[in-house]
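Geometric and topological summary
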Amino acid sequence: MLIGLILFPLIFSLVIFILPKNMTKFATIFYSVFSISWMVMVVKNISSWTNPFFTENYVFSSNLPSSLLLVLDGISIIPILLTQVLIALILWMLLAKQKDDKSVYSLIALMHFGLNGVFLCADALGFYIFWEITLIPIYFICAIWGEGKRMPITLKFFLYTFIGSLCMLVSFLYLYQIQPEGGNFSIANIFNVDMSTTARFLVALGIFIGLAVKIPIFGFHNWQADTYTSAPSYGSMLLAGIMLKMGLFGMYRWLSPLFGGPLCCDLQWYIIILCVIGVIYGAIIAITQTDLKRILAFSSFSHVGLIAAGIMTFSHSGWQGGLLQMLVHGLNIVGLFYIVDLIEQKYGSRDLNNLGGIATQNKWLAIYGMILVLGTTALPLTNGFPGEFLLLKSLFEYQFLTALLAGTTIIWCAIYMLRLYQKVFFGEESKMVLSGDTSLSVAEHFILIIFVLGVLVLGIFPQLILSLSESTVLNYLTQK
Amino acid sequence: MAIHAADVDMSDPVIIIATLCLFIGAIGKSAQIPLYTWLPDAMAGPTPVSALIHAATMVTAGIYLLVRAHFLFDLAPSVLNLVSYVGIATSIFAAIIALRQNDIKKVLAYSTVSQLGLMFVALGVGAYTTAMFHVTTHAFFKALLFLGAGSVIHALHGEQDIRNMGGLKNEIKSTYWIFLIGTLAICGIFPLSGMFSKDEILAVLFEKNKGLWALSLFSSLLTAVYMFRLLFLTFFGTYRGDEHTKSKIHESPMVMMAPLWVLAILSVFGGILNLPHLIGGESYGKMAHFLDPIFSHSKLTTEHMDAGLEIGLMALVVGLVVSIGFVLYNIYVKKESLPKPDMSLRGVEALVAKKFGVDELYDTVISKPVLGISRFFGQKVESAFDGISGFFFVTGFKSIGNSLRKIQNGNVEFYLIMMTGSIVALMILQFLVKI
C-alpha cells in the first residue's frame, strides 16, 4: 500500500521519457489522478485511527542496519495528503500553461518520489537518503529554468541545504554508533539510547540545523528569498509549498524525541526565540518589497516561523495547530504563487510598481486572489485562522512574551498582504495591465477554484484535518 | 458567568489587563482616541456603506463588546474610569475638528466619532442601558444623515464640499426635510429620538460625576454648532456652485427616498423605545426593562432621579441648543458668512482645519519608522547575511582549496614525509583508542 506512494512517482519519472511527446499530457493527468486516488484508497483502508495507521517494512539485506520502513500515522498523513494534492495541482498548472518539456514532468515526479519517501520513511538512514533525493530535482529545476542570476543563487541554496543536511547525517550516524550491538537506524531504536546531556544537545543541534535550513528559521534563511525569486514558479511552489514542510515534519518526527531527555542547555527556548525573531523580521521585510515573489517568500518565512515555534512548545495545541497550519500554508502559498504566475503570464510583470487595477480587467482573478489573501492573513472562517489561533495559544501557554511578539504577525501580515492586494488589484490600471490578456481559461478557473475551496472548507471545518492527527499527537505527547 | 466573576478579586491585575485589552479592541473598532483616524478616512467609501457600517452598525461593535463584557468591567473600576475619560476626550476632540471640516461626509464622520465618545462616557459610569439606547437612536439618525448627505451629493453630481453648496432647500425639498429631521434629532431637540437618549446620558452623568456632565454638555453643544453650520451652509442662503451643475440639480428617485423616510420616522419616534418615566414611560423605560436581566448583576445600575431635576436638565439642554441654532442662523444665513479657505486660516483655526495634524503625526511616528526598519532589514541586514554566507561558502572554501593545493607540489620527498607521518599518526591513534 504505502510502497505504492513511493514507487509510482519513481516509475512515472522514468516512463515519461519513453512515451511519445503527444502522450505527455494524457500520462501526466493519469498519473496525478492516480496518485490522488491511491492516497484516497490508503486513507479509506485505515481501520483504526490509533498510532500508527500502517507500517510496512521492506528489508533489502539482513546485513544492513537499515531497511525501508514506511510508517503512516497521524503526523505523516498530513504532509502526505498535502504532497499528493499539491503535486497534482502543480502538474495541472504546467499543463494549463502548455509546458511540453518532458524533463520538467519527470523531475517533478522524482521530487514526488523523494517527498513521499521523506514523509513516510521511519528509518533514519532512509529518511536522510530521501531527504537528499529531493534536492536533486529542485536543483535542476532552479538551475535550468530559473531566471536572473540563477546559477550563483542555486549554488547558494544547494550549499546551505547540503551543509545543513550533513550536520543532520552526523547526528544520525552518532546515534547509530552508540547503540549496543545489533542496533539499527529504525526510529524505534535510534532514539532509544543513553547519552550525556552534552551529547544529546549536540545531536539535537545537528538535526536542528539540518531542519532549520529547510524551514528556514531565522539565521538559516539567507538562501530563501533569492531562490524563491529566481526559481521558476513551479519551483517556488515546490519549495514553499512542500519542501519546507519537510523541515517542519522533521521537527515532529526526528527532533522532538531528543527533547524527551535532559539537554545541557535550553535548546528549546533558543529555537523558539529564533522562530519568533523570524516571524517579525520576515514580516517587516515583506512590507517594503516590490517583487511579488519576494513578498511571498518573506511572508512564508514569517508564517513557518510561527509553525516551528508552536511545534517547539511540545504542547497539544502547538502540535495540532502546527499540523493544520502546515497543510494550510502549503495550499495558500502555492495558490498565491499561482496567482503571481498568472499575473506574470498575462501582464508581463510581477513588480508592484508596474501593476494596478487588475480587478477591473480580470475580476475573477481578483476574487480568487482576495480569498487567498484573506486566508493567508488568517481571517476567521478562512483556513489560516484555526491553525494560527492554536499556535498562538500554545505559545501563550509556553511564555506570554513570545506569544505577544509572535501575535503581532496578525498585524504585519495584514499590512503587507493588503498592501500587495491593493497595489496589484486596485487603483488605476497600469500600462502593462491595460495591454495584458484579461481572460482566464477553464483549466485556470478549475485550479484556482480548488484553492479557494480549500481556503473556505478548511476555514469552516478545520476539524476535518485536526481529527486525522488527534490520537497520534496525544499519543506522542504523553509518551514523551 | 457573572456569578463566577463576582469571586474575582478586584485588585487582581489579570482583570485589569483583560478589561484593558478588551477596551483597546473597542477603541479600535469604535474609533476612539488614539485609534480614530481611520473612520473619517473610511468615508471614501460609498455613502450607503458609510451609513451602514461606519455610522450605524459596525462602529458600535466596540460599545456592544463593553456592554457584553460588563461583568468584567464592573470588577475593574479603574478601567471603567479610563473608559469615560477616553470617551469624553474623544467626544470633545472630534467635535472640535468637525467644526472646521468642509466635506459634508467628513463632518458627519467626526460627528460619529464624537457621539461614540459620548456612549463610552455613559459606559464608563456604568450606564450600560443608556449607552445601548444611544447606540440605537444614533443608528437611526446618523444613517439618515449619511443617506441624506448621499442624496445631496447625488443631486450635485459628486460635489462634497459644503462651500460649493447652499440654497438647496428649494431645489431638493424632500432631502432638505430629511436632513432637517436628522439634524434636529442629533442635536437633541424635543421630542425627537436623540433628545431622549442624549438627555438620559447627561442625566446619569449629572448624578454620578458633575465634571463629566459639564464636559459632555459642552460636547453636546458643539454637536449643535457643527450640525447647524452644516445644515445652514448646505440648504440655506444662495447656491454657490457653478451654473452647469445648478441646471442639473435634481431630487433623488423614489427608490432612494423611501428608505430615508423610514429612517426619518424612526429618528422622530425612536425615543419611544426608552421613554423616561416622567413622560409616561414604564417605571424606567421599555428598553431598560428589556435589558434588565442582563444587567441585574451589575452593581452600577442607576437609581431613579428626581423628576423635577430631570425636566430642568432637559429644558436647559434644549434651550441652549435652540439658542445656538438661532445664533448660527444669524451668522450663516442672515449674514451669509462663509467658511474661509483653508489657506487663509491662522493659528488654532488652521490647526483644527488640519485635524490637529494627528494623521501626519502618526505618519511620522509609526508609518515612517516601520518602513525605515523594513528597508533596513531588507537591504542592510539581508546583505550582511549575504556577506556572511558569501564569506563562508566562497572565501572559506576557496582558501581551504588554495592551501590544500600547496600540498600537491610534485615533490617526492615531501610525499614520503607526509606518508610516514600519517602512518605514525594512525598507529598512535589506534594505540590510544585501544586503551
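Residues numbered from 1 in each chain as written. Chains lettered and ligands numbered in written order. Predicted model: local features only at pLDDT ≥ 70, side-chain atom pairs only at ≥ 80, totals over all residues.

Structural notes on unusual backbone geometry
Peptide bonds are mostly trans, and most non-glycine residues show a negative phi. Stated formally: Every helix listed is a DSSP run of H or I at least four residues long, and every strand listed is a run of E at least two residues long, numbered separately from the N terminus.
Note that the residue after I215(A), namely P216(A), is joined by a cis bond; omega there is -20 degrees. On the secondary structure map, P216(A) appears in the loop between α9 (197-214) and α10 (222-230). Cis peptide bonds are those with omega within 30 degrees of zero, and the linkage from I33(B) to P34(B) qualifies with 5 degrees. Counting through the fold element by element, P34(B) comes out in the loop between α2 (13-29) and α3 (38-41). Positive phi is not limited to glycine here, since A31(B) has a value of about 55 degrees. You can see A31(B) is positioned in the loop between α2 and α3.

Remarks on the environment of A95(B)
All names here are of chain B. Put simply, the rule is: Between the buried cut of 20 or more and the exposed cut of 12 or fewer other C-beta atoms within 10 Å of a residue's own C-beta lies the partly exposed class, and all C-beta atoms are placed from the backbone. Note that contacts rest on C-beta atoms placed from the backbone: two residues are in contact if these are within 7 Å.
Mapped onto the elements of the fold, A95 is located in helix α7 (residues 77-99). Residue classification places A95 among the buried positions, given that 26 C-beta atoms sit within 10 Å. When the C-alpha atoms of A95 and S219 are compared, they prove to be 6.7 Å apart, with 124 residues separating the residues in sequence. Leaving out residues up to four positions away in the same chain, A95 has contacts with S114, S219, L222, T223 and Y226.

A closer look at the domain arrangement of chain B
Many structure descriptions define interface size as the accessible area lost when the parts assemble. The condition is simple: The domain boundaries here were taken from an automatic or database domain assignment.
Along its sequence, chain B is carved into domain 1 (2-353) and domain 2 (364-434). A C-alpha centroid distance of 69 Å is found between domain 1 of chain B and domain 2 of chain B.

A closer look at the pairing of strand β1 (residues 54-58) of chain A
Residue and element names in this part refer to chain A. This is how the line gets drawn: One bridge is not enough; two strands pair if DSSP finds at least two bridges between them.
Across the five residues of β1, zero count as buried, placing the element largely on the outside. As paired strands, β1 and strand β2 (residues 68-72) are joined by five bridges and run antiparallel to one another. By the bridge assignment, T55 is partnered in β2 with V71.

Observations concerning the packing of helix α12 (residues 267-288) of chain A against helix α18 (residues 358-405) of chain B
For the record, the criterion: Orientation is described by lines fitted to C-alpha atoms, with helices fitted over the stretch in contact, and by angles between N-to-C directions that extend from 0 to 180 degrees. Working definition: roughly parallel below 35 degrees, roughly antiparallel above 145 degrees, roughly perpendicular at 65 to 115 degrees, and oblique for all remaining angles. Each residue receives one of three labels: charged for Asp, Glu, Lys and Arg, nonpolar for Ala, Val, Leu, Ile, Met, Phe, Trp, Tyr, Cys and Pro, and polar for the others, Gly being one of them.
Where α12(A) meets α18(B), the closest approach of the two axes is 8 Å, and the angle between their N-to-C directions is 105 degrees. The angle between α12(A) and α18(B) falls in the class roughly perpendicular. On α18(B), the residues touching Y281(A), I284(A), I285(A), I287(A) and T288(A) of α12(A) are V370(B), L371(B), I373(B), S374(B), R375(B), F377(B) and G378(B). Residues of the contact of α12(A) with α18(B), tallied by class, amount to eight nonpolar, three polar and one charged.

Describing the pairing of β2(A)
Of all five residues in β2(A), five are buried, a share of seventy percent or more. Neither face of β2(A) is exposed, since L68(A), L70(A) and L72(A) on one face and L69(A) and V71(A) on the opposite face are all buried.

Overview of helix α22 (residues 463-479) of chain A
Residue and element names in this part refer to chain A. Convention followed: A helix is expected to span 1.5 Å for every residue after the first. One fitted axis covers the seven residues ending at a residue, a second covers the seven starting there, and the bend at that residue is the angle between these axes.
Along its 17 residues, α22 runs 24 Å from first to last C-alpha, staying within 8% of the 24 Å computed at 1.5 Å per residue. Where α22 bends most, the angle comes to about 45 degrees, and this point is E470. Those residues of α22 that sit buried are I465, L466, L468, S469, T472, V473 and Y476. Looking at the packing, one finds that the buried side of α22 touches α3 (77-96), α14 (316-347) and α21 (442-460).

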